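# Architecture at a glance
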Amino acid sequence: MNSNVFLLGGFQTDFARNWAREKKHISAMIRETYEGSLECTKIRPADISAAFVGNFAAELYCMQGHLGAFFVELDPAFKGLPTCRYEAACASGGVAALSAMAHIQAGLYDCVAVVGVEQMKTVDSARGGDFLGTAAWYERESKGVEFPFPKLFGKLGDEYDKRYGLKAEHLARIAEINYANARRNPNAQTRDWYMSYDHACGTGQYNPAISGRIKVTDCSQVTDGAAIIYMASEKYAADYAHRCGISLDALPRVLGWGNTTAPIEFAVKVEDSKNDPYVLPWTRKAITDAMQRAGLDSCWQLSAIETHDCFTTSEYMAIDHFGLTEPGKSWQAVEQGIIALGGRLPINPSGGLIGCGHPVGATGVRQLLDAYKQTTGSAWDYQVPNARRVATLNLGGSATTNVVFIIGFNS
Amino acid sequence: MHRQIQTVAVLGASGTVGSLSGGILAQNGLNVYYLSRTKEGSQKGLSRAVKQARSEAIASRITCGDYNTLFEKACSEADWILECVAEDMAVKKAMYEKVDAIRRKDAIVSSVTSSLPLEELPQGRSDSFRANFLSTHFYNPPGKMLACEVTGQSQTDPALVDFMIEYLGQKLRRVVIPVKPAAAFAGNRLAFLLFARITELVRQFGVEMMDYLIGPYTGRLLPPLATIDLVGLDIHKAILLSLQTYTQDAMHNKLVIPAYIDTMIAAGRLGNKTRANGGFFKKLDSGQFLYYDPASEDYIPGYGPRIQFVEKAKNQIRIGLYRQAFDGILQASGTEARIVHEILATYIAYAYSLIGQVTDEKYGIEGIDKVMSSGFHWACPSLLVNMIGGAEKAVELVQSADLAVPQTLRTDTAWKKYYFNAGKYFIAG
């Protein structure tokens, strides 16, 4: 890393909320998140020198663009503040954070807010599914297709099945674990929902197949939510730590990052990888780049992973791509309980996208906030004991944009 | 106390409360017997439980039957017998007599009642029955409303109450509120007093205007008269009668049941359960709503009231400016504003006056806060104190409504905390 970038904490909304039912404008979500973050972090508004806002499609869901400008609405002191909205589909939060980090490393800013926000419950599921289709190559992969993304990630499962074999029971177990973890997370969308392995294995009125092998329990759900994380230079972080009466060493930092963009069409991705042991090599490269930058030799040097389980198949993919198993053998980590809370390398202690929720543009930021919570011992009942390093994987589209961070401490 | 609960018998499982509460038990891994007068009734309850869980998988944990064929097996096996039969003292007592003859001596027996006197319910039963008898008052629907008030009567083993408080919280994921065995406990006592006052004001201002003035923007999921329609006017009246009979406090004179409520009940206008007849509201096939008019005893079309301070508050809530919205409400003047001020003041004053009466003093406002937010999805009393600017401002509001100021409102400091996600209680519509 060129220079240290520290995480100072932040806030996420309760992902179980339905902001359309509350009849709220998306700016209310940004405001509540910001005000909650001030309470959690004690950041002084005057210290914030820029805001990076991740959002996928507010123009479609809320008829509202230009979201960076809504950060300025939060406080009269923000008039004139540099802000920008970032978009990379479901990785919008991730790329906003990458840009924030780069600006700090370039010496332009000392303390910045990274906001991820999405309000999705404004439309019915068919219309929402069509909007999400714009994260793929719309004309080729989504137009006229009902729920295009379950189909695309169903194809990911099909590809695993073709190359290595894939059992439905392992996907069901992944869903069960994410829901179980979410029950421990007071901000998780599904914390009070019923889930069991039997339910996830079954198919029926309440767990219909959406597309091929993908059933409702394999999917993250439509979610409204926002999250903020503050990133800072070493200079600012040192002052902040002093003001909070803690050591600078107690603040986690960005140890490594990776960012790749694969061909947008899923069929092209798969075709390109036919001679590669990894089904999604560009995702694998983002992970290995981050590990290398962090100076890590193996995934076992991580304490936890917050991965992009928009579907159970994407978490299944993440298991071998992070190196928990050999390619194609993710099922071993599932069966051996490695990925469960209490396992050797828990995945998604927060509940992930399936359990915690997936407000598209907010997810990458929420993952970073959870990495901060884990590495500072403030993750409530879903705390991984003594977590020192947490990796995040945020995907945009059908693993087109890949953003990986490794957050925590070197020693 | 070391106890294990694996099997539960739900009595009155054909009803909404029994079937949905029993469903929560099945969802959390317990084996549950559904008992009612007919097996078909119990099966109807099972369907409701499946719909609540959104999963057919829980059906494997539920065994349905009727009182004639399954009662003995279920009640003799059960570690916990959850009684959800009709809110009628005689019916419940008759059921307890049968249960007492069959149950294991260490089996827990709990009632979901909050309105009948708990002390009287187990009278005449065995020592072990009374020692193991308590109230577990689930809120409805329990899949969404997580509150559960818990209390024993004079002969309940205190260790059992402690055990159930922990069990309901940890195992069944309820928001547990330990209460005293006072009529209607905390939540219904507070809410129904407000409902009573609002139904009284209906005579002067009409149904549409009252639900507009005390609408969701004031910190509630549903407007008050729509909530009474959901509960049922017959239940509303029964709870108020119980409060009139079994409680005595400074606000007792507000527990009114206007004569038009009796007229509505007599005409079968009970609310959502008598949709064709209506309640406070009547929805036509065209989708249009009509509003009950006590003067003509008939339904009238709406006129869409719009009051400037209300509309301004909603607009501010829409963009997340909650405190500013309440500043505006408090600064507003005129008849309508005075009504809103009075209802807010009554809510706050009565809630704080109940500390020590229905919840233990050591919990402060916390217990009442919990039941209002998790049982009704209302902004809890201390949050409203926070929103209007603190205890001092709340005292002024209460005084301006000519209400007595409870000492606890001056001394309790819970309102000073930060309320994360508080905005979910304030709806901009």
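A separate point is helix H1 (residues 26-41) of chain A. Residue and element names in this part refer to chain A. Over its 16 residues, H1 runs 23 Å from end to end, which matches the ideal 22 Å to within 8%, given 1.5 Å per residue. Burial runs high along H1: 13 of the 16 residues are buried. Just beyond H1, the residue with positive phi is Lys42, at close to 60°.

Turning to the pattern of salt bridges, a few remarks are in order. In total, this model carries 39 salt bridges over all chains according to the counting rule given. The salt bridge partner of Glu39 of chain A is Lys42 of chain A, with a shortest N-O separation of 3.5 Å. Here Glu311 of chain B makes a salt bridge to Arg306 of chain B, at a shortest N to O gap of 3.6 Å. Note on Arg306 of chain B: relative accessible area 65%, which makes it exposed. A single network of salt bridges, built from pairs that share partners, joins Asp14, Arg191 and Asp192 of chain A together with Arg173 and Lys424 of chain B.

Further remarks concern the nonpolar core. By size, the foremost hydrophobic cluster in this structure holds 189 residues, and its most contacted members are Leu8, Phe71, Leu302 and Leu324 of chain A together with Phe280, Ile368 and Phe426 of chain B. With twelve residues, helix H14 (residues 335-353) of chain B is the single largest residue contributor to this core. Formed jointly, this core draws a minimum of three residues from each of two domains, domain 1 (7-178) and domain 2 (187-425) of chain B. Setting aside anything within four residues of it in sequence, one finds Leu324 of chain A in contact with Cys299, Trp300, Ile305, Ile319, Ala333, Ile338, Ile339, Leu345 and Ile347 of chain A. Judged by nonpolar contacts, the second largest core, of 35 residues, contains Leu46, Cys84, Cys148 and Leu160 of chain B.

With that out of the way, let us pick up a nonpolar patch on the surface. Together, Leu221, Leu222 and Leu230 of chain B line one region of the surface with nonpolar side chains, adding up to about 260 Å² of accessible area. We classify Leu222 of chain B as partly exposed; its relative accessible area is 35%.

This brings us to the domain arrangement of chain B. Residues and elements named next belong to chain B. Each domain of chain B was delimited in the assignment, giving domain 1 (7-178) and domain 2 (187-425). Computed from C-alpha coordinates alone, the two centres of domain 1 and domain 2 are separated by 30 Å. With 13 residues of domain 1 at the interface, the matching set in domain 2 holds 14 residues. Counting each side, the surface lost to burial between domain 1 and domain 2 is near 1100 Å², with a carbon and sulfur contribution of 62%. Where domain 1 touches domain 2, the interface holds zero salt bridges. The interface formed by domain 1 and domain 2 includes five residue pairs in polar contact (both at pLDDT 80 or more). Secondary structure elements with two or more residues in the side of domain 1 that touches domain 2: strand S7 (147-152) and strand S8 (175-178). Among the elements that take part in the side of domain 1 that touches domain 2, S8 stands out by supplying four residues, more than any other. Class assignment for the residues of the side of domain 1 that touches domain 2 results in nine nonpolar, three polar and one charged.

About the thresholds
Residues numbered from 1 in each chain as written. Chains lettered and ligands numbered in written order. Predicted model: local features only at pLDDT ≥ 70, side-chain atom pairs only at ≥ 80, totals over all residues. Heavy atoms only, no water. Helix = DSSP H or I, 4+ residues; strand = E, 2+ residues; numbered from the N terminus. Expected span 1.5 Å × (residues − 1). Buried < 20%, exposed > 50% of the residue type's maximum accessible area, 1.4 Å probe, protein only. Salt bridge = Lys/Arg side-chain N within 4 Å of Asp/Glu carboxyl O. Core = buried A, V, L, I, M, F, W, Y, C linked by side-chain atoms within 4.5 Å. Domains from an automatic or database assignment. Contact = heavy atoms within 4.5 Å. Patch = residues over 30% accessible without salt bridge, like charges linked within 9 Å, V, L, I, M, F, W, Y side chains within 5 Å. Areas by Shrake-Rupley, 256 points an atom, 1.4 Å probe, with all protein chains shown as cover. Buried area = accessible area lost by both parts, 1.4 Å probe. Polar contact = N/O pair within 3.5 Å; in protein donor to acceptor, adjacent residues only side chain to side chain. Nonpolar A, V, L, I, M, F, W, Y, C, P; charged D, E, K, R; others polar.

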